[in-house]
Amino acid sequence: MLHVPTLQFTLILMDVLIATLLWAAIGAGRRQGLVPWILSLGAQALMFAVMGLTTDDTRFGAIVTVNLLAALTLTLQAEAILRFFNRALPAWVHLAAPIAMIAVMMALRHSEPARLFVGCVVYGAALIALSVMTHRLRDTERGKGMQLLCAGYAVAGTVLFARAGVALLAPEGLIPHPWEAAAVCLFAFAITFATAAGFLHAHRQRHDHLIGHLALVDALTGIFNRRTFFNLASMALSQAQRGRYPVSLLLVDLDHFKRVNDAFGHQAGDAVLQRFVELVQAALRKEDIFARYGGEEFCVLVPNATPMQARTLADRIRESVEQGAFEFSGQWIQVTVSVGVATLHPAEVRIESLLRRADEALYVAKRDGRNRVVFA
């Protein structure tokens, strides 16, 4: 027969080891929900320690303490999952759930079978609720990590419900058997490992997705970077040649942007760029390709746009920026842009040609006083 105290000691060590591995594996800045998850492992380790130190004289006090720690373990894991999705669990839940379990145990102190039955039902329901909550939240974060979390909680809750169901059909099944403590330890080991692995894998998947995303976009503004622009532009121009429709390009440069950085600081300059991107995005169509070309220079590829349509879009962008509200730390900043526009017909479409002609037009716009649109 398995030695229960040894299993309980192993579980304590495992909780500490998993907490350490999670902290080491999930880097700083990516630890959404990690602290409450580690605290839940600590509460669970303490729970197994109390179980291992229980004597006949301290049995009921240990039962109350174990249930308090078990409830706290689940609420902390619920908070960890919610934090992972940038949501919050009310602080009072961490107090209310343990107090409720203490009250239940006190009310049933004279009936051990009833305590076991109610405990199975309550914790089974809590675990199923965690599984459902994780499943609903994971719509925004699909992957094997979230699936493993859902499955772990669902299996644990189902087993506890089955235990309660057996007890109803066979009341003698409520009486603990000598092997039950060992089975509980092994089951706890499996569930703890599965859910912790799921939580870690979810973090890894989010990190990998972020790395892939950052390779495509500009980190400051969130729009496409120069490399991605050329890749997307190449595909858009090929489609234009097949469809035989013109393509326009806008090169947009913020006027005297260095003065903004010098006068208000680089943080203000970053805020201006982000606000500028918001204004431009509001003027674009879904199919337009908007990218940061370099520094304070941006480009917009406008498929299937006539010269008149491209000029109208450029004027709209220039006016929205000139009239836009640029504010940083209570200071209002006046911002204008110069825009160079070029349009090529299907047979002529080359990204190098578009860029060269738009850049020539932009040079003229800046030479002639800025805050204007010039068409190549």
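Since we're looking at a predicted model, the values are computed, not measured.

Draft legend 1. Molecular detail of the sheet that holds strand β3 (residues 297–303). If you walk across this open sheet you meet the 5 strands as β2-β3-β1-β6-β7, and the pairing is mixed. The strands lining the two open edges of the sheet, one partner per strand, are β2 (289–294) and β7 (373–375). Averaged over all adjacent pairs, the angle separating strand axes in this sheet is 20°, with direction ignored. As judged from the 8 bridges shared by strand β1 (residues 247–254) and strand β6 (residues 337–344), these two strands associate in the antiparallel manner. Bridge pairing in β6 places L251 opposite G340.

Draft legend 2. Structural detail: the environment of E79. Tracing the backbone through its elements, the reader meets E79 in helix α3 (residues 59–84). Judged by its relative accessible area of 11%, E79 falls in the buried class. Along the backbone, E79 and V93 are 14 residues apart, and their C-alpha atoms lie at a distance of 9.6 Å. Each residue touching E79, except ones within four places of it in the same chain, is listed here: P36, L89 and H94. There is a polar contact of 2.4 Å between the side chain of E79 and the side chain of H94.

Draft legend 3. Examining helix α2 (residues 34–53) more closely. With 20 residues, α2 extends 29 Å between its outermost C-alpha atoms, agreeing within 8% with the 28 Å of an ideal straight helix rising 1.5 Å per residue. Where α2 is concerned, the buried positions are L34, P36, W37, S40, L41, A43, Q44, A45, M47, F48 and V50.

Draft legend 4. Focus on the pairing of β2. Among the 6 residues of β2, 5 are classified as buried, and the element is accordingly described as predominantly covered. By the bridge criterion, 5 bridges tie β2 to β3 in an arrangement that is antiparallel. The partner of A291 across the bridge, within β3, is C299.

Draft legend 5. Just the packing of helix α10 (residues 266–283) against helix α11 (residues 307–323), in detail. Where α10 contacts α11, the two axes come as close as 10 Å, and the packing angle between them is 145°. Here the hand of the crossing between α10 and α11 comes out right-handed. Note on element contacts: α11 touches α10 through L313, R316, I317, S320 and V321, opposite F276, L279, V280 and A283. Among the residues making up the contact of α10 with α11, the classes are represented as 7 nonpolar, 1 polar and 1 charged.

Draft legend 6. Structural context of the environment of W332. One can find W332 in strand β5 (residues 331–332). Among the residues examined, W332 registers a relative accessible area of 62% and is labelled exposed. In the structure, W332 is positioned 57 residues away from R275 in sequence and 12 Å away in space, judged by C-alpha atoms.

Draft legend 7. Highlighting the pairing of β6. Along β6, 8 of the 8 residues are buried, which leaves the element largely enclosed by surrounding structure. Residues V337, V339, V341 and T343 line one face of β6 and the alternating positions S338, G340, A342 and L344 line the opposite face, and both faces are buried. Taken together, the 3 bridges between β6 and β7 define a ladder with parallel strand orientation. Each bridged residue has a counterpart across the sheet, and for V341 the counterpart in β7 is F375.

Draft legend 8. Expanded view of the side chain of T228. With respect to the secondary-structure elements, T228 resides in helix α8 (residues 226–243). On the basis of relative accessible area, T228 is assigned to the buried category, the value being 7%. In this structure T228 touches A215 and L216, once residues within four positions along its chain are discounted.

Draft legend 9. Structural detail: unusual backbone geometry. The phi dihedral of R370 falls on the positive side, at around 70°, and the residue is not glycine. Tracing the backbone through its elements, the reader meets R370 in the loop between α12 (351–367) and β7.

Draft legend 10. Representation of the packing of helix α5 (residues 112–137) against helix α6 (residues 144–169) in the model. Running from amino to carboxyl end, α5 crosses α6 at an angle of 155°, the nearest separation of the two axes being 8 Å. Classed by the angle they form, the pair α5 and α6 counts as roughly antiparallel. Between α5 and α6 lies a crossing of left-handed hand.

Draft legend 11. Local environment of the confidence of the model for the chain. When the pLDDT values of the chain are averaged, the result is 84; 91% of them are 70 or greater. Of all helices and strands in the chain, the one with the weakest mean pLDDT is helix α7 (residues 180–214) (77), whereas β3 scores best (93).

Draft legend 12. Region of the structure containing α12. For α12, built from 17 residues, the straight-helix expectation of 24 Å at 1.5 Å per residue is met to within 8% by its first-to-last C-alpha distance of 24 Å. Buried within α12 we find I351, S353, L354, L355, A358, A361, L362 and A365. Packing partners of the buried residues in α12 comprise α8, β1, β2, β3, β6 and β7. The first or second residue beyond α12 is G369, which carries a positive phi of 120°.

So, how was this worked out
- Residues numbered from 1 in each chain as written.
- Predicted model: local features only at pLDDT ≥ 70, side-chain atom pairs only at ≥ 80, totals over all residues.
- Heavy atoms only, no water.
- Pairing = 2+ DSSP bridges.
- Helix = DSSP H or I, 4+ residues; strand = E, 2+ residues; numbered from the N terminus.
- Axes fitted to C-alpha atoms, helices over the stretch in contact; angles between N-to-C directions.
- Buried < 20%, exposed > 50% of the residue type's maximum accessible area, 1.4 Å probe, protein only.
- Contact = heavy atoms within 4.5 Å.
- Polar contact = N/O pair within 3.5 Å; in protein donor to acceptor, adjacent residues only side chain to side chain.
- Expected span 1.5 Å × (residues − 1).
- Left-handed = near helix turned anticlockwise from the far one by under 90°.
- Nonpolar A, V, L, I, M, F, W, Y, C, P; charged D, E, K, R; others polar.
- Parallel < 35°, antiparallel > 145°, perpendicular 65-115°, else oblique.
- pLDDT = per-residue confidence, 0-100.

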